[in-house]
Structure formats: structure tokens, C-alpha cells
Amino acid sequence: MSERPANAEMIEGFMDGYDLTAPEPSGNRSNSYRHGFMVARIDKGVIPYRGPADHLRKLADAAMEADEPRGI
């Protein structure tokens, strides 16, 4: 797994996650979208996270890799 830039779905999820009135994404959204949403909520302080940033980058790579078969 290599670190790569966020895809469009992840960026969209991140932007939506900054809107605190936006509902949590359900399973109909991509892994990338849900990861971006979660990271935005961490940034906003809604989700507590004290782990290393490298762990979140690895999770981002894993989300994008899981979405590849869906063409995302």
C-alpha cells in the first residue's frame, strides 16, 4: 500500500463532514467518502482522536484501495 492523494469521493466526504448538520453517511456511500467525513469530524472535534496522523493516512489508502473495484 502506498500513500496517495485523496480521491474526489474522499474530498467530498471531508467537505460534508465539516457541515455539522450533515447526517452521518450510511453504507450506500463509498469507503473513501466515509473516511473523508470521519477525518473532518476529527478536525472539528466531534470525534476524539489522539493517534498518529500516519495511521489515518494508512486508513485513507485502505479506503481507496477497497473502492477500486467499484471504479472510484
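Position numbers for residues count from 1 along each chain, tracking the sequence in the order it is written. Only residues with pLDDT of at least 70 get local features here, since the model is predicted, and only at 80 or more are side-chain atom pairs given and counted; chain-wide, interface and lining totals rely on the full set of residues. Side-chain measures were taken over the full set of non-hydrogen atoms in the model, leaving aside hydrogen atoms and water.

Description of the overall build of the protein chain
Link 1 in the chain: Labels follow the DSSP assignment, with helices taken as runs of H or I lasting at least four residues and strands as runs of E lasting at least two, numbered in each case from the N terminus. Secondary structure summary: the protein chain contains three helices and zero strands in total.
Link 2 in the chain: For the C-alpha atoms alone, the extent of the protein chain along its principal axes is close to 30 × 30 × 15 Å.
Link 3 in the chain: Within the protein chain, counting contacts between residues at least 6 apart in sequence, those at least 24 apart form 57% of the total.
Link 4 in the chain: For the protein chain, the accessible surface area stands at approximately 4700 Å², while carbon and sulfur atoms represent 55% of it. Contacts are residue-level and defined by heavy atoms, with any inter-residue pair within 4.5 Å sufficient. Only the protein chains shown count as covering a residue, and every accessible area follows the Shrake-Rupley method with a 1.4 Å probe.

Some words on helix α2 (residues 31-44)
Link 1 in the chain: The terminal C-alpha atoms of α2, which comprises 14 residues, lie 20 Å apart, in line with the 20 Å expected from a rise of 1.5 Å per residue.
Link 2 in the chain: What α2 keeps buried is the set Ser32, Tyr33, His35, Gly36, Phe37, Val39, Ala40, Arg41 and Ile42.
Link 3 in the chain: Elements in contact with the buried residues of α2: α1 (8-17) and α3 (53-67). In a helix, the anticipated span is given by 1.5 Å times the number of residues less one. A 1.4 Å probe rolled over the protein chains alone gives each residue an accessible area, and that area as a share of the maximum for its type sets the label: buried under 20%, exposed over 50%, partly exposed in between.

Let's talk about α1
Link 1 in the chain: Taken together, the buried positions of α1 are occupied by Met10, Gly13 and Gly17. The arc enclosing the buried residues of α1, seen along the axis, measures out at 65 degrees, which places them on a common side. Residues of α1 that are exposed and point over 90 degrees away from its buried face: Ala8 and Met15.
Link 2 in the chain: Close packing links the buried residues of α1 with α2 and α3.
Link 3 in the chain: Whenever two N or O atoms come within 3.5 Å, that pair is a polar contact, provided that in protein one can donate a hydrogen and the other can accept it, and provided that, for residues adjacent in sequence, both atoms are side-chain atoms. The distance from a side-chain oxygen at the start of α1 to the backbone nitrogen of Glu9 is 3.2 Å, and the residue carrying that oxygen is Asn7. Read the arc as the range of directions from the helix axis to the C-beta atoms.

Observations regarding the side chain of Ser30
Link 1 in the chain: Note that Ser30 resides in the loop between α1 and α2.
Link 2 in the chain: For Ser30, a relative accessible area of 2% translates into the label buried.
Link 3 in the chain: A distance of 2.8 Å separates a polar atom in the side chain of Ser30 from a polar atom in the side chain of Glu9.
Link 4 in the chain: Within the local environment of Ser30, its side chain forms a polar contact with the backbone nitrogen of Tyr33, the two atoms lying 3.0 Å apart.
Link 5 in the chain: Here Ser30 is in contact with Glu9, Asp67, Arg70 and Ile72, once residues within four sequence places are set aside.

Bear in mind that shape data such as this cannot, by itself, settle questions of function.
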